[in-house]
Amino acid sequence: MKNFDIPLHVRGESVFLDDIPAPEGLLYAAVFTSPAAHGKIERLDAEKARRSPGVIAVLTAADIPGQNQVGGIIQDETLLAAEHVKYIGEPIALVIAETKTLAKKAFKDIQLEITPLPPVLDPREAFKKGNLIIPQRTFALGDVTAAWGQCDVIVEGRVDSGGQEHFYMETQSAMAVPAENKSITLYSSTQSPTAVQRIAARVLGLPMHKVEIDVRRLGGGFGGKEDQATSWACMAGLAAFILKRPVKLTLDRREDMMMTGKRHPYSSDFKIGLKTDGTILAYEVAFYQNSGAAADLSTAILERTLFHCTNAYYIPNVKASAACCYTNLAPFTAFRGFGGPQAMFVLESAIQKAAEKLNLQPRVIQQKNLLKENDTFPYGMQVENCRAGRCWQEADQLYHFEKIFKDVETFNAANKLKKKGAAVMPICFGISFTNTMLNQAGALVHVYTDGSVGVSTGAVEMGQGVNMKILRVAAHTFSINEERIKVETTNTTRVANTSPTAASSAADMNGKAVETACFTILERLKQAAADHFNHPSTADVEIKDERVYLCGKVTDLTWVTLVNNAYLKRINLSAQGFYATPGVYFDRTIEKGKPFAYHVFGTAVMEVTLDCLRGTYDIDAVHIAHDAGRSLDYLIDRGQVEGGLLQGIGWMTMEELIYNPEGKLLTDNTGTYKVPDMKSAPRVVNVHFLEDADNPRAVLSSKAIGEPPFMYGIGVYFALFNAMKAFRADKELFFDSPLTPKKVLNFLY
Ligand code: MTE
Ligand code: LUZ
Ligand code: MOS
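A quick note: this is a predicted structure, and the numbers were derived from the prediction, not measured.

Participant: Help me understand the site of ligand 1, please; the structure alone is not making it clear to me.
Facilitator: Around ligand 1 there are 19 residues in total, and Gly221, Phe222, Met462, Ala506 and Gln640 lie nearest to it. Between Gln464 and ligand 1, the recorded distance is 3.1 Å, taken from a side-chain N or O atom to an oxygen atom. When isolated, ligand 1 has an accessible area of 520 Å², and the protein chains bury 92% of it. Of the residues belonging to the shell around ligand 1, the class tally is seven nonpolar, ten polar and two charged.

Here's what the structure looks like:
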């Protein structure tokens, strides 16, 4: 992949947080956390720990100079627990020592007494008790009650989907360096530098301008560092602020898995009604989100669950309700898809069950109900530039659905202990933050006198290639060589008030901001060129491939000489750019609006082979037709499709969070929590990007790519079911992901 970071990665030269050279006097922090899922803190005595070898300080809630509050949307989360604990792994105290080992050794000297209270782990139980973060929300279209009467068949069911560990390669990390006059610089592995700045300022009781956040790159985020990188940066900041020395806080894998939130587990009930030909008339669904012990981003994630409850289909009568249920587990958080995958899994399950009842192939129902131009979503928006049908058709033409399913049947007829299965999975994902306010981005572009260019934006590089895309936008707009451009760190003093790098919109929005800034500088340069040639209008000046053209004719001015001329004439070679996605809004009082700039579409078809003796399986192939607009970089986008798909497959098949009845996560390391590897990856992945698929709603006609491909993974659940049914046609379908070999085996025998 020609991402300019790759040569650095391959040689181990790229700088992640823990690679930043240690500043003079660096101290190390370790986080002491709650051993109980729910309880009242009776006593916390750290005096002995303070005298432990190598320990410099032990900090608790009482040491926080500002507010002990890190909640973003809802302020319900302390940085360090003071009175109550709400989950195992909740931070209580911070030990700062000469080394991290010494800091952790002092944990045994902290005296903590907790009166335990019964924990609630199940969202339905929390719902019954009324433990909700916000009142239940409902999206509705048409009239389901009236529609049931017109349906030929109605099926109901329950769907459960498990959580998912982000498993970013780089664990949560931060380093704080005190600066003069009570200022502080925080290096943070965060998707959201401004959130870290805002909350650290709140915790330290400082104005935001005294807190500078700097981010070079992340070793993966996947949503896990959208909100949940903040606490660690605040803790490092707190220690550095009080001790007036640099402090680093890096979680090891087990700490990270135990302390941080994951994808939300959901439990849901559905009811779907159809005509005998497979037309869906009505769909009712209730989502119970396991939100964990604090709100974090749960309410926003719940909202996206509602937005995506009909996936890529038009359903005329819909009623979808959803509840954020507090439980005593680490607060669940953003994860690629942001509640969308959970919603789509429920509808695909409903279609599966309805297909069985109607004796139709699920793909017949899927295709029949695909979104068409101007169809209305339950949230009131109409589909524009709908490519749901096109993706389906192109996938079918290229990969031949009929043949795939026929080959499966032929194989199954000939084999007793191995069975194959196949499934189609269409997707539709809305692009924009559903919180309209967040749809803004900024950029700062400098052109230096040698013609090289420095670009800063609010986007954070986390492996998704956003820096490459931003570089490409700048190179394209100036029409200069890519080598001339450097993408700088993401820093709050260069670009302020930025939204998180999330919602797949970082390249879209920051790219636009860069384009705007470049246009501003370009206009000034054209004016300088026009002046140079004593030409009356800049309209006849063009810069192409580093050469200046006048009235279509090449001149002796190059990019470098023009830049130099402009500098000598005291022309400003820096510009700021800003972008706010136009036309998006959402009215929560009526739950209607136009929350998305546009939608991303795609269709995948997949084949699996099941070993019916062992319950194990191989994913033979996944074939995808995907709408990436006019991609800014097809290799990067292919990488995003492949990576998203594999992460989705992991969520659906093997990644299982197991808690004991006391609320302790048992799968808290690489030995017990299994993410997909080369062996569990599909043997074949074909990705076809639609051609002639310009997108008028994003920079240079591109489309967002980050999250949507995750949802192709859902299809694997149903391909496996198809194979399982070939072995045991008599058994009831169940919808409870991940579909581990253990569950498969239980079904087969
Ligand atoms: N790809 C890599 N390699 N690493 C990541 O952490 N995060 C995903 C996706 N792809 C991620 C990734 C998530 S959750 C999002 S929202 C998008 O990238 C964010 O980046 P973008 O807006 O630039 O697409
Ligand atoms: N974050 C957020 C997101 O705050 N709002 C969103 O709509 C969103 N969508 C996807 C991923 N992160
Ligand atoms: Mo992605 S879940 O929007 O960080």
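Participant: Looking at this structure, I do not really get the sheet that holds strand β27 (residues 598-611). What am I missing?
Facilitator: Within a sheet, adjacent strands bond to each other through the backbone by hydrogen bonds, running parallel or antiparallel. Judged by pairing direction, the sheet is mixed, and its four strands sit side by side in the order β16-β27-β28-β29 without closing on themselves. What marks the edges here is a single partner per strand, and that holds for β16 (418-431) and β29 (684-689). On average, each strand axis in the sheet is inclined to that of its neighbour by 15°, with strand direction left out of account. Judged from the ten bridges that link them, β27 and strand β28 (residues 616-626) form a sheet pairing that is antiparallel. By the bridge assignment for β28, Val605 is matched with His623. Sheet strands in contact with helix α17 (residues 634-653) are β28 and β29, and its direction is about 130° off that of β29.

Participant: Quick question: what am I supposed to make of the sheet that holds strand β11 (residues 211-215) here?
Facilitator: Strand order in the open sheet formed by eight strands is β3-β5-β1-β12-β9-β10-β11-β20, and the pairing between neighbours is mixed. Since the sheet does not close on itself, it has two edges, and those belong to β3 (55-59) and β20 (490-491), each with one partner. The strands touched by helix α6 (residues 193-204) are β10 (183-188), β11 and β20; relative to β11, the strand with the most contacts, the crossing angle is about 150°. The strands touched by helix α7 (residues 230-243) are β1 (27-33), β3, β5 (91-97), β9 (173-179), β10 and β12 (247-250); relative to β9, the strand with the most contacts, the crossing angle is about 30°.

Participant: Sorry, what's going on with the packing of α17 against helix α18 (residues 714-727) here?
Facilitator: What describes two packed helices is the angle between their axes and the distance between those same axes. For the pair α17 and α18, the least separation of the axes is 7 Å and the interaxial angle reads 50°. Here α17 lies oblique to α18, going by the angle between them. Crossing handedness for the pair α17 and α18: right-handed. Counted together, Ile649, Trp651, Met652 and Thr653 of α17 and Ile714, Val716, Tyr717 and Leu720 of α18 form the full contact between these two elements. Among the residues forming the contact of α17 with α18, the class breakdown is seven nonpolar, one polar and no charged.

Definitions and cut-offs
Residues numbered from 1 in each chain as written. Chains lettered and ligands numbered in written order. Predicted model: local features only at pLDDT ≥ 70, side-chain atom pairs only at ≥ 80, totals over all residues. Heavy atoms only, no water. Near = heavy atom within 4 Å. Polar contact = N/O pair within 3.5 Å; in protein donor to acceptor, adjacent residues only side chain to side chain. Areas by Shrake-Rupley, 256 points an atom, 1.4 Å probe, with all protein chains shown as cover. Nonpolar A, V, L, I, M, F, W, Y, C, P; charged D, E, K, R; others polar. Pairing = 2+ DSSP bridges. Helix = DSSP H or I, 4+ residues; strand = E, 2+ residues; numbered from the N terminus. Axes fitted to C-alpha atoms, helices over the stretch in contact; angles between N-to-C directions. Contact = heavy atoms within 4.5 Å. Parallel < 35°, antiparallel > 145°, perpendicular 65-115°, else oblique. Left-handed = near helix turned anticlockwise from the far one by under 90°.

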